[in-house]
Each structure stands twice: as structure tokens, then as C-alpha cells.
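If you want the building blocks of each chain, they are given just below.
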Amino acid sequence: MTDTAPSKRLFIKTYGCQMNVYDSERMADVLRPLGYAITEEAEGADLVVLNTCHIREKAAEKVYSELGRIKAMKARKADAGGAMTIAVAGCVAQAEGEEIMIRQPAVDLVVGPQAYHQLPELIARAHRARGERLSAEFAADEKFDALPKARHAGGVTAFLTVQEGCDKFCTFCVVPYTRGAEFSRPVGDIVAEAEDLARQGVREVTLLGQNVNAYAGEGGLAGLVRRLAQVDGLDRIRYTTSHPRDMDEALIAAHGEVEALMPYLHLPVQAGADRVLRAMNRGHTAASYLKLVEKIRAARPDMALSGDFIVGFPGETEKEFQATLDLVSEVKYGSAFAFKYSKRPGTPAAAMPGQVAEEVKEERLARLLALLSEQQAAFNAAQVGRTLPVLFERPGRKAGQVVGRSPYLQPVHIEGPQSLIGRIAPVAISASAKGSLTGSLAEDPAMALA
Ligand code: 5AD
Ligand code: SF4
């Protein structure tokens, strides 16, 4: 169910010291962007937080007896068709942890004093457990959370959604809230759709998912790719977007072994400084990402890498930004997307201290983009003199031109017959620009791809 109420009622009961009073205010601050406003009444509240204290004797027992009363209120609210979330915070939560949820199952979440910034994630998870999905306050943002629209309509290439949602909860991102938990379509459905596309003339599919390599259908994404590689007429397979944490050995091995799997990988890293990566809740370090890239390139030496970057994440220092530039210099991307950090209400990062000034973000973005453009131009220039298999997709803007894509997803323009559309043909690359390549049909069918 979608909760569309403009305002949700938050009741916080604070036990103990001044520190707890302060923490309760912080919790209210973190929850305000989620639409929660303080109420003085626990009865009927949407979210009840008991901010507990361990100092006095029998504190825990007092909390359990209070929870008994609140449990009855939760039941009354449920009878009236509503829902109440119960959270236990503070020192008792810290000390007893999940014990509390075992002893009082009406409790939805337990959060220690070090983790208040995770409240939006914990609440989203508790709501998901009840089958709720969208919180009205998280307006979806096409720029950051949309999957590309399905397209093929008679075309040569098509997107095919295999997975949706995200369980990663990067602290800057709305997707886990707006799109909900990770969900994978069954292999059989996907294969049937791919066969249907191939019958319509599609030669290349891009498997889509917000966390596509977390695909949890039988055999994982590697298994799915191997299965789709057997579909008649389907010559090329790509997938996007991947999380470094889900790039498993089987998938890396597939890149070295499955001919149809194209040597282009969008593998966002977001930032190069470990402190920032931790604050982003990315679950990887710069070193583990670089190690992963090394493994991928060992399996597929010509892999073109692409990424997403955020500059000006809260608290990012000049030195930390420099670490992003250093990482980019080391990886050498074929293409990439870079964004200025933008506050998404309700996400933990929006409430973090140290928000970076707009001018600083602008300036860092310009420097990062300059480096990425340089790398893209170098990557494209490195194709000149090679012969690449190009899948032709459409007529070019000028008469007599056809446009296709290289294995590395670069647009390739040549002078040639329109009958090439829908076919893969070798092209001798003669020139490169920042965003595309040009060349001519090669006589020699021996296409060096290594
Ligand atoms: N600010 C800036 N960039 C963001 N992205 C997601 N959320 C934000 C945000 N709040 C970027 C990430 C992600 C891409 C799809 O959008 O880099 O990988
Ligand atoms: Fe958002 Fe991607 Fe992080 Fe998921 S993994 S929270 S979709 S940035």
C-alpha cells in the first residue's frame, strides 16, 4: 500500500538523560523529511519511538511493560485499517539488540544511538516487511532512479528488464525507497521474452535492473547470460546497472567465456575516498573496487569500463575529491556519468552535516568531467586502425550513412547501404571523435577484438 498521507504522526517517548533528549530531537530531524511530525499522543501514531535509557535499575523491564501498552495500540490501529511502526532506540536497544524483537514481536525495529542516521533505511525495511512500498515523500526522480524505457519497436536492439528494486541503501539514493526491495523475474519468462524479441529481428539485448548483477533467478546473472547466449539470432548481450558488491566470480568468468557478452561494463564507484564511500554506505572501498577491476580485466582484457560519480557528497574535502580523480586516473574509463550531489529529502545524506557549497560542487564537477572526457577521447582514439564488428542499427543523419555500435557501445558511422541495418559487419575504424567513431566496411572478415 502506498501511504499518501501528507503528514504522519511520530510519537517519541524519551527516558533518562539530557543526551537522550538531544538524540530524540535528532531523530525527529531525520524523520521530518519523511513526512513525520511530532504528536503528543502515542494512541493512533504512525511511528512510536521509545528512546530508552539503561542507567537506572529495571529500565529494561519498564520498557517492556510500556511496549505491552503500545502493542495494544498497534492492534487497535490495525483493526481500524491503519499501521503503526514501533521502534526501540537508545541504550537499552544498544544493550539488548534484537532480543527485544524476540521478546516483544510487535517491535518493528531496534536502533542503537550510533545508527540514528539509518532510521530512514530501517523504517523502509520495516514497511517493506509489511508489504508497503512507496513513501509519498520520496518523489521519484527520472534522472537518478528510472530504468530506461523499454524500446525495441521494430529495432535491432532492445532493453529487457530482468530485475527491479534495490536493497543497498546508499545514503544519497531514493531508489530503495521508491522502487522497493530487489525482485528478480524468473529465468523462463526472460528467455521467452528474449526469444520473442529475437523473432522480431532484435540482435542485441541489454538486461536491465537497478541492481542487475544482484539478479537472483536460478543461476544468477551469469547463468541467465549463458542461457540467453543460446537464443537463436541473439548475438549480443549487455547488462546495466551493476553494483561492485554483486560482481561475483561466475559473472566475471562469463565475461571471459561467453562470446555474446559484450566487453562493456557500467560499474559505478561513486567516489574514491574510503571515508566518503563508508558515509555513502557503499559496502566497498577504493582498493576493493580497483581489485575487482583488475580481476575483470584479467578475464576480459579489452573490457571498456563506465561508471557513475558523485562530487560534493556531504563532508567531502578537497583531498577526498582528489582521491576520486586518482581512482579515475587509475581505472581509465571508456565513458562515465558524473553528478553533483543533490539532496533527496528523506535519505540519510540529506540530513548529514557538512553539505558542500554549490560553487565547490560546480568546480569539482568541471574538473572530474574534464578528466573523464580526456579518457573517453583517448579510449575512442585507441580504436583507430582496428577493425571492429559493428551492429548496424539505423540510418545516419546524412544520406548514405548508416550508424551502428562497436562492442564497446561506441556509435560508429560509415558510408554504406541501408541493407546493413540489423547486421553485424567488420568496420575498419579510421577516425574518432569524443563521442563516436567513423570508418568504412572492411573487406577482411578477420576482426581483431583482443
Ligand atoms: N545526488 C547525485 N547523484 C545521485 N545519484 C543517485 N542519487 C543521487 C543524488 N542524490 C546518481 C548515482 C547513481 C546514478 C544513477 O545517479 O551516481 O549511480
Ligand atoms: Fe541507489 Fe544504486 Fe545505491 Fe541502490 S546501489 S541505493 S540504486 S545508488
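Every value quoted in this text rests on a predicted model; they were computed, and no experiment measured them.

1. Focus: the site of ligand 1
Item 1. Neighbouring ligand 1 are the residues Phe144, Phe172, Gln270, Asp308, Ile310, Phe339, Lys340, Tyr341, Ser342 and Arg344.
Item 2. In the model, an oxygen atom of ligand 1 is placed 2.7 Å from a nitrogen or oxygen of the Asp308 side chain.
Item 3. Taking Ser342, its main chain carries an N or O atom lying 2.7 Å from a nitrogen atom of ligand 1.
Item 4. Out of a free accessible area of 410 Å², ligand 1 has 89% covered by protein chains.
Item 5. Those elements that provide at least two residues to the shell around ligand 1 are strand E12 (304–311) and strand E13 (335–340).
Item 6. Residue composition of the shell around ligand 1, by class: five nonpolar, two polar and three charged.

2. Section: the pairing of strand E10 (residues 236–240)
Item 1. Within E10, five of the five residues are buried, which leaves it mostly tucked inside the rest of the structure.
Item 2. Alternating positions in E10 separate into two faces, Arg236, Arg238 and Thr240 on one and Ile237 and Tyr239 on the other, with burial throughout.
Item 3. Sheet analysis places strand E9 (residues 204–208) next to E10, joined by five bridges and oriented parallel. If you follow Glu204 over to E10, its bridge partner there is Arg236.
Item 4. Between the parallel elements E9 and E10, the chain passes through helix H9 (residues 220–228) in a crossover that is right-handed.

3. Topic: the packing of aromatic side chains
Item 1. One pass over the structure, following the stated rule, counts five aromatic pairs.
Item 2. On the numbers, 6.5 Å between centres and 85 degrees between planes, the contact of Phe172 with Phe313 is edge-to-face. Of this pair, Phe172 sits in the loop between strand E7 (163–164) and helix H7 (175–178) while Phe313 sits in the loop between E12 and helix H13 (318–331), placing them 141 residues apart in sequence.
Item 3. Judged by its relative accessible area of 11%, Phe172 falls in the buried class.
Item 4. By relative accessible area, which is 0% here, Phe313 ends up buried.
Item 5. Judged by centre distance (5.7 Å) and plane angle (90 degrees), the rings of Phe379 and Tyr408 are edge-to-face. Here Phe379 is found in helix H14 (residues 358–381), whereas its partner Tyr408 is found in the loop between strand E15 (401–405) and strand E16 (411–415), with 29 residues between them in sequence.
Item 6. Through a chain of ring-to-ring contacts, three or more aromatic side chains come together here, namely Phe172, Phe313 and Tyr341.
Item 7. Over the ring of Tyr36 we find Lys8, and its NZ or CZ is 4.8 Å from the ring centre.

4. Re the nonpolar core
Item 1. Counting 71 residues, the largest nonpolar core has Leu207 and Tyr333 as its most contacted members.
Item 2. When residues no more than four places from it in sequence are discounted, the contact partners of Tyr333 are Val269, Tyr289, Leu305, Ser306, Gly307, Phe309, Leu327, Val328, Leu372, Gln375, Gln376 and Phe379.

5. Details of the pattern of salt bridges
Item 1. Taken as a whole, this structure holds 32 salt bridges when the rule is applied.
Item 2. Here Glu66 makes a salt bridge to Arg69, at a shortest N to O gap of 3.2 Å. Highlighted residues: Glu66 and Arg69, both in helix H2 (residues 59–79), separated by three residues, approximately one helical turn.
Item 3. Among the residues examined, Glu66 registers a relative accessible area of 9% and is labelled buried.
Item 4. In this structure, Glu363 engages Arg367 in a salt bridge whose closest nitrogen and oxygen atoms are separated by 3.1 Å. Here Arg367 and Glu363 lie together in helix H14, a separation of four residues that amounts to about one turn.
Item 5. The class of Arg367 is partly exposed, set by a relative accessible area of 27%.
Item 6. Among the ionic contacts, a cluster of salt bridges with common partners joins Glu316, Glu318, Glu363, Arg364 and Arg367.

Cut-off values and rules
- Residues numbered from 1 in each chain as written.
- Chains lettered and ligands numbered in written order.
- Predicted model: local features only at pLDDT ≥ 70, side-chain atom pairs only at ≥ 80, totals over all residues.
- Heavy atoms only, no water.
- Near = heavy atom within 4 Å.
- Polar contact = N/O pair within 3.5 Å; in protein donor to acceptor, adjacent residues only side chain to side chain.
- Areas by Shrake-Rupley, 256 points an atom, 1.4 Å probe, with all protein chains shown as cover.
- Helix = DSSP H or I, 4+ residues; strand = E, 2+ residues; numbered from the N terminus.
- Nonpolar A, V, L, I, M, F, W, Y, C, P; charged D, E, K, R; others polar.
- Buried < 20%, exposed > 50% of the residue type's maximum accessible area, 1.4 Å probe, protein only.
- Pairing = 2+ DSSP bridges.
- Right-handed = clockwise from strand over helix to strand, strands pointing away.
- Phe/Tyr/Trp six-rings, centres within 6.5 Å; stacked < 30°, edge-to-face > 60°.
- Lys NZ or Arg CZ within 6 Å of the ring centre and 35° of its normal.
- Core = buried A, V, L, I, M, F, W, Y, C linked by side-chain atoms within 4.5 Å.
- Contact = heavy atoms within 4.5 Å.
- Salt bridge = Lys/Arg side-chain N within 4 Å of Asp/Glu carboxyl O.

Function-wise, these values are silent; they only describe arrangement.
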